[in-house]
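Structural overview for review
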Amino acid sequence: MGIGGIGGLDREAHVAEGTGAAAAPRTLAEALRARGDEGLAALLRARPDLLNPVPNDLTQLATRAGTRGSVVRALERLDRFALQTAEALAVAPDPAPYPVLLALLTGDEGDATIEAALPGAVALLREQALVWGEDDRLRLVRTARELLSPSPQHPSPTGLGPTVAEATSGMSPGRVQEIIAAAGLAATHDPVSAVTALTGLFTDRARMGALLDEAPPEALAVLDRLVWGPPYGEVTANPAPPVRWLRDRGLLLPVSARTMVLPREVALHLRGGRAHRAPEPVAPEVAVLREHRPQVVDGAAAGQAYTALATVEELLKSWDKGGPQVLRAGGLSVRDLRRTAAALDVTEQVAAFWLELCHGAGLLASDGEADERYAPTPAYDDWLDLPPAERWARLVVPWLASTRTPGLAGGQDAKGRALSVLGPDLDRAAAPEVRHRVLGLLATLPPGAAADPETLFARLRWERPLRGTGPSAESTDSALPDDLRSRLARWSLAEAELLGLTGRGALSAPARALLNLPLAEAASPADEGGGVEESVAAERAATLLAPLLPEAVDHVLLQADLTAVAPGPLRRPLADALAVLADVESKGGATVYRFTPGSVRRALDSGLAASDVHAFLAAHSRTPVPQPLAYLVDDVARRHGHLRVGAASAYVRCDDDTVLGEILADRRSAALGLRRLAPTVLAAQTDPASLLDGLRAMGYAPAAESAEGDVLVTRADAYRTPARTAPVPVPDGPPAPDATLLGAAVKAIRAGDRAATAVRREPSAPTPAGSLPRTSSAETLATVQAAAMTGSAVWIGYVNADGAASQRVIAPVRVEGGFVTGYDHTADEMRTYPLHRITGVAELADDQV
């Protein structure tokens, strides 16, 4: 039986004496020791949690590979057929020959597809150290067997129950004898042989068939209801005759006074020997829903990418002066989310996606003030200066790696608390893997082909059947599948379409480049993708997208109804200036801006003069400046700054005292608390900002002034948070090790294992197993000096400065000044050790030198 945690350490701590290179391994540690370096590297690559920290030797690696947490993580990453193979081993005898395992999966009739796929599944389980042993003695690691074996508390996915031996373990010997007598078997002298005889009957197809031929039809109907699980059934104190017939012959065995169970051997006979009703040796194919020309897909994706850039810019520009407040528990309130959705003219779910996208890309964050609010970051200004295609890449690359799942917003967590957008509880570690896998599956289809979503979800469930399974209270859409991975996949498809990674449901060429996938139109090996760095892939994707995006224009079309039409995306300086001078009235292929007295005043507040506005309009319009627009600019400019507002608490001054008289006479000014201090000055009982707003609401165009009497220019500069880094994705376990780390880890484990398994000469005083060697200082010095002269290796006990003890095998080269320098076989490098920290020395056996 394989190891399963600390309990297996004693059995695997040492290699059995006399084990030859060709002998079958008796422990998982021996099986790992027989592997080559590539095999160990494959194990560590598949299960990176075993590397933290690097095991000292193969025994420690085997023990760690059998711990419950590590085994659960490994099982969660198995595909359905590999998992079904492990489940079949969990209900098979331990150890199980390969033919027995094959029979549990194929049944009596056989299945060529399963026969072809099973060697690969067994090899995968072996590679991940979930199964060890030769084909004639396959063993499932004990922890995996405990997790996958049937039990009343944790029914097996196979639907099988306990064996006859397990179900009769608490049964009286007399009752066992009654069962074998009713089944037509000879009486035995002890319960063990009786159970063996009953098991032999149930596993003998011919005798079992003859017994069932005698069964009443109603009894067979009872068995049919239990055969595929669950194998447990409730009975009354006085069961019906069919149930009594089954109980008397052991075809149903009692678990409690009211519960009966179908023994595993009986169920397997009724199933034709199969452990699973529907083995799935082959992954489901992703079906094509519809096909388009690749050029159509790329064009649609580019259009959506442009819309994504415009949406992000519109969202963050609306928060230029500071966005909504941050909830005390973190995140955005439902009311503010609704306002954002209304401003963007999208659903709340889509608005949540755009907010999380900006946050994940580092363009949006909280300002950290006492009255904490959301606002754009300084990185947003840098992002605006990039070309459109590069801006798109700066959004999609963080999205691919982000663990944030905006689709959960609006639902509840396990404790019934609401999940808010930008809040702390929306991270799901599986999200990046699902996004990459969804796009990768789309890439397996022909260029321009859109996938059938249901077949895509079925494929994902086959690849990771244990991850994110089961119903969740977080679901906000009853039409979604219950498992988290399917919901993540559905959201990923929708988000990829919003970002322009897909067009009409098919993967675009820029998305293929971003994922390092080969392009359909690749003309040279350099264009085939794969293996390039993320930044290079993003650059290639932006290069492919750039020609597909609409080209920015440097002009507008002014119309007599005080509007301006932008026939395409405007260049950045023109767009920024026009956003100050006019308000956006409608968006789409052509954006319509409207000039109003308020928008013109906003431009004058920013420091422009009327002549500057006229020059700007004339320079950037392909049509003559309409007379109504020119009149509007002149009229607002004539009144702008006629009133001056400064800080006393606040005051208003004007060279025309009649204007001040009109203000005092206006009933709308009562709330401002105005009184005349001088013919040209009014004092107010409110602050300057409120006074400016109040006068503007009354139809005036006041200007703010400084303490020196100069007009304060209100620049279009926006409020920004302090510099913020983008949020770091929540890791889904330890990161995958690179080739350098794998090589070093394998080398260190091999060296430590050689030191741990080295055979030592018996010291004069026996050393307890597992303890450090103990010798006097003089004996230690003499032994290492002799080893340095003869070039031999010795075994030492060493305690470092932190008090950590270890055993090492070293080959001393030089001994002087209280230090010994030699080649450390454990660390596989030259090292120097202080002699006073060496607890003792022992020579290695002759065949180990």
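This text goes with the structure placed above it.
**Focus: the overall build of the protein chain**
The number of helices and strands found in the protein chain is 34 helices and 25 strands. Going through the 849 residues of the protein chain one by one, you find that 47% of them count as buried. When the accessible surface of the protein chain is split by element, carbon and sulfur atoms take 54% of a total near 40000 Å².

**Some details on the packing of helix H17 (residues 294-318) against helix H19 (residues 348-360)**
Running from N to C, H17 and H19 cross one another at 85°; their axes reach a closest spacing of 11 Å. Compared by their axis directions, H17 and H19 come out roughly perpendicular. Contact residues: Ala308, Thr311, Val312, Leu315 and Leu316 in H17; Trp354, Leu355, Leu357 and Cys358 in H19. Within the contact of H17 with H19, the residues separate by chemical class into 8 nonpolar, 1 polar and no charged.

**Quick word on the side chain of Glu265**
Relative to the elements of secondary structure, Glu265 occurs in helix H16 (residues 264-270). At 3.1 Å, the side chain of Glu265 forms a polar contact with the backbone nitrogen of Val164. Glu265 has contacts with Thr163, Val164, Thr199, Phe202 and Thr203, leaving out every residue within four places of it along the chain.

**Describing helix H12 (residues 191-203)**
Every α-helix carries 3.6 residues per turn, so stepping three or four residues along brings you back to the same face. For H12, which comprises 13 residues, the first-to-last C-alpha distance of 18 Å matches the rise-based estimate of 18 Å (1.5 Å per residue) to within 8%. Residues Ala194, Val195, Leu198, Leu201 and Phe202 constitute the buried set of H12. Buried residues along H12 cover an arc of 120° about the axis, so they all sit on one side. Exposed and facing more than 90 degrees away from the buried side of H12 are Val192 and Thr196. Capping of H12 at its N-terminal end is provided by Asp190; its side-chain oxygen lies 3.1 Å from the backbone amide nitrogen of Val192.

**Looking at the packing of helix H29 (residues 610-620) against helix H30 (residues 627-639)**
Where H29 meets H30, the axes come as close as 9 Å, and the angle between the chain directions of the two elements is 160°. Classified by the interaxial angle, the pair formed by H29 and H30 is roughly antiparallel. With respect to the hand of their crossing, H29 and H30 are arranged in right-handed fashion. Listed contacts from H30 to Ala610, Val613, His614 and Leu617 of H29 are Leu629, Ala630, Val633, Asp634 and Ala637. Its residues placed into classes, the contact of H29 with H30 shows 7 nonpolar, 1 polar and 1 charged.

**Points about the sheet that holds strand E16 (residues 644-646)**
Strand order in the open sheet made by the 5 strands is E18-E19-E17-E16-E20, with mixed pairing throughout. Strand pairing shows two members of the sheet lacking a second neighbour, strand E18 (675-678) and strand E20 (703-704), which therefore form its edges. Seen against the sheet, helix H31 (residues 657-665) touches strand E17 (650-653), E18 and strand E19 (681-684) and runs at an angle of roughly 160° to E18.

Quick notes on the rules
Residues numbered from 1 in each chain as written. Predicted model: local features only at pLDDT ≥ 70, side-chain atom pairs only at ≥ 80, totals over all residues. Heavy atoms only, no water. Helix = DSSP H or I, 4+ residues; strand = E, 2+ residues; numbered from the N terminus. Buried < 20%, exposed > 50% of the residue type's maximum accessible area, 1.4 Å probe, protein only. Areas by Shrake-Rupley, 256 points an atom, 1.4 Å probe, with all protein chains shown as cover. Axes fitted to C-alpha atoms, helices over the stretch in contact; angles between N-to-C directions. Parallel < 35°, antiparallel > 145°, perpendicular 65-115°, else oblique. Contact = heavy atoms within 4.5 Å. Nonpolar A, V, L, I, M, F, W, Y, C, P; charged D, E, K, R; others polar. Polar contact = N/O pair within 3.5 Å; in protein donor to acceptor, adjacent residues only side chain to side chain. Expected span 1.5 Å × (residues − 1). Arc of directions from axis to C-beta. Left-handed = near helix turned anticlockwise from the far one by under 90°. Pairing = 2+ DSSP bridges.

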